[in-house]
Amino acid sequence: MFGVDLLMENGVMIVSFNYRLSVLGFLRHPEFNITGNYGLKDHLAALQWVQRYIEHFGGDPNNVTLMGQSVGAHSVTYHMFLEPFRGLFHRVIAMSGSLLAPSAMNYIPQKFIPKYLQAINVTTNEQLMSADFKDLFAMKSYSRKYDYATVSLPIFLPMVEDEDHSEALVTAPVHELILTDPVNKVPLMVGMTSLEFTSLFASLPFAEFSAEESFPNRQNSTAYRRVKAMIDAAAKLARKVQPNGAGRHFSGKLADLSHMYYPVKKVMRQLVKSGSYLKPIYYYRFEYDGKFGKYKNVFYKNRVDLSYQGAMHGDDLGYLFSPYNVREAVDDPSSFETEWKVAKRNVGYFSNFVKFGNPTPDDGDWNGIRWPPYNEYSSGSQFLNINSEDEVLVDDDRSNFIYQIWSKAHDCLYYYRCLPVEALLDKISQHLNGNQTGFDLDSLFVVNSL
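Let us now look at helix H10 (residues 221-241). In an α-helix, one full turn covers 3.6 residues, which means residues spaced three or four apart are oriented alike. The end-to-end C-alpha distance of H10, which contains 21 residues, comes to 30 Å, matching closely the 30 Å that a straight helix rising 1.5 Å per residue would cover. For H10, the set of buried residues is Ala223, Tyr224, Val227, Met230, Ile231, Asp232, Ala233, Ala234, Ala235, Leu237, Ala238 and Val241.

If you want it as structure tokens, here you go:
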């Protein structure tokens, strides 16, 4: 889809590989001796191959960077915490995703997988092996997906395996994994686009919150009902006091935040909070909204709300790899002048990180930019905002109303900390029942928790 010419011109060797996906990669059914996570195990085999053979292609086995975007970012952040991957790579670039995303783990395969097998009339391993591939891969049936925060997810995702199995890879759920010490403490570059899916999810009709039990605290139905009540009340309050702000497309914004933004920020901040992750963490936001962004300009062109300015999920790839319209851009460079400038700077940041572990090394001139590590004490949690002109900004979600709502919901659903949900619901209910509308919603529920 995208060429690697720009990175190769900066002295970076690219190794890409295919791996098993969907039912072939992530079906888990111990009754058929199908242990699961084969897609992640393919990653392990690929990295082991790189260590053995990349030197013969001119590569350095002691300077390997894992880079993944979207689901790829889920994977590369998984590998930071999984013991079999120890020492197989030396830096990580995670673009628009993390292992904490709802689409990075199926918490209840025991509910979904039997329904799937029943839907394709499979009761034995022999029947599964001889099933029609169209039945195996068709994703239209309800049995192949489930809903989480307004978004439909496939059931074939990484799952927890039996710890005593000799080939087990993922032996703990991701919300517990991120609280452990990473086995690979390496320089990390992590970031997102400024919109991700916000402009696409804006078209979603307003809907009450729902999550189909794929979270640890599912046995506590009261806790889930209170989380749902808090989120639904927050949506009403936001529409009441900020109809053109947080209340505008609340469901879509919550969907984007819970699936994309929050999982990335939670993992990054947990690494900082641990105090033991001493390698630099570089955080970026890609905001430039230009002609190389394929997803906003082509793929989702007729489905996005264009009143939202910024880059969508995947648009940043066109400024790192050869863009989808590269022929036009090469033939008429003056019409793409800013796009090429942004791409040149962006490729420089990424190439420097791959080679040196620092996107703006001290011995270079990077247009006056010094990109400080997010976990550098003196930087105050700063990040690089990539636009037509790049700038270093201070990161702060404490006044982000929807972020604070979801942080409380997430703590209850995943870590059983539900008292803050009750307290926040009471506050929201008080304001809903009052007549006051002229207050700052984003600062009303400011808290210091991650």
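Right, let's get into unusual backbone geometry. The phi dihedral of asparagine 33 falls on the positive side, at around 60°, and the residue is not glycine. In this structure asparagine 33 comes out as exposed when scored by relative accessible area, which is 59%. A positive phi angle is found at tyrosine 416, which is not glycine, with a value near 65°.

For the pair helix H15 (residues 401-415) and helix H16 (residues 419-433), the least separation of the axes is 9 Å and the interaxial angle reads 145°. Read as a crossing pair, H15 and H16 show a hand that is left-handed. Contact residues: H15 offers Ile405, Lys408, Ala409 and Cys412, while H16 offers Pro420, Val421, Leu424 and Ile428. By residue class, the composition of the contact of H15 with H16 is seven nonpolar, no polar and one charged.

This brings us to the nonpolar core. If you look at the biggest cluster of nonpolar residues, it comprises 111 residues, and the most contacted ones within it are Phe89, Tyr148, Ile231 and Trp406. Counting residues per element, this core draws most heavily on H10, at 11 residues. Excluding its chain neighbours within four sequence positions, the residues that come into contact with tryptophan 406 are Tyr148, Phe209, Ile231, Leu254, Leu257, Ser258, Tyr262 and Leu413.

Let's shift gears to the packing of aromatic side chains. Two descriptors summarise a pair of aromatic rings, namely the distance from one centre to the other and the angle between the planes of the rings. The final tally for this structure, using the stated rule, is 29 aromatic pairs. Ring centres of phenylalanine 17 and tyrosine 19 lie 6.2 Å apart, and the angle between their planes is 55°; this geometry places the pair in the tilted category. You can call phenylalanine 17 partly exposed: its relative accessible area is 38%. A residue is classified by how much of its surface remains accessible, and tyrosine 19, at 26% relative accessible area, is partly exposed. Relative to phenylalanine 201, the ring of phenylalanine 197 has its centre 5.4 Å away and its plane inclined at 25°; by these criteria the two rings are stacked.

Once that is clear, we can look at the environment of glycine 36. On the secondary structure map, glycine 36 appears in the loop between helix H2 (22-26) and helix H3 (38-53). Exposure remark for glycine 36: the relative accessible area of 1% places this residue in the buried category. For glycine 36, the residues in contact, after removing those within four places along its chain, are Leu27, Arg28, Lys41 and Glu161.

For helix H14 (residues 337-356), with 20 residues, the first-to-last C-alpha span of 28 Å sits near the 28 Å given by 1.5 Å per residue. Glycine 357 sits one or two residues past H14 and shows a positive phi near 75°.

Close approach of charged atoms allows side chains of opposite charge to pair. Summed over the entire model, instances satisfying the criterion amount to 19 salt bridges. Residue arginine 20 pairs with aspartate 42 through a salt bridge whose shortest N-O separation is 2.7 Å. With arginine 20 in the loop between helix H1 (5-8) and H2 and aspartate 42 in helix H3, this residue pair connects regions lying 22 residues apart in the sequence. On the accessibility criterion, arginine 20 (37% relative accessible area) is partly exposed. For aspartate 42, a relative accessible area of 17% gives the class buried. Aspartate 390 is paired through a salt bridge with arginine 345; the nearest N and O atoms lie 3.0 Å apart. With aspartate 390 in the loop between strand S7 (382-386) and strand S8 (391-394) and arginine 345 in helix H14, the pair connects residues that are 45 residues apart, well separated along the chain. Considered together, aspartate 390 and arginine 345 belong to a single accessibility category, that of buried residues.

Calculation rules
Residues numbered from 1 in each chain as written. Predicted model: local features only at pLDDT ≥ 70, side-chain atom pairs only at ≥ 80, totals over all residues. Heavy atoms only, no water. Helix = DSSP H or I, 4+ residues; strand = E, 2+ residues; numbered from the N terminus. Expected span 1.5 Å × (residues − 1). Buried < 20%, exposed > 50% of the residue type's maximum accessible area, 1.4 Å probe, protein only. Axes fitted to C-alpha atoms, helices over the stretch in contact; angles between N-to-C directions. Left-handed = near helix turned anticlockwise from the far one by under 90°. Contact = heavy atoms within 4.5 Å. Nonpolar A, V, L, I, M, F, W, Y, C, P; charged D, E, K, R; others polar. Core = buried A, V, L, I, M, F, W, Y, C linked by side-chain atoms within 4.5 Å. Phe/Tyr/Trp six-rings, centres within 6.5 Å; stacked < 30°, edge-to-face > 60°. Salt bridge = Lys/Arg side-chain N within 4 Å of Asp/Glu carboxyl O.

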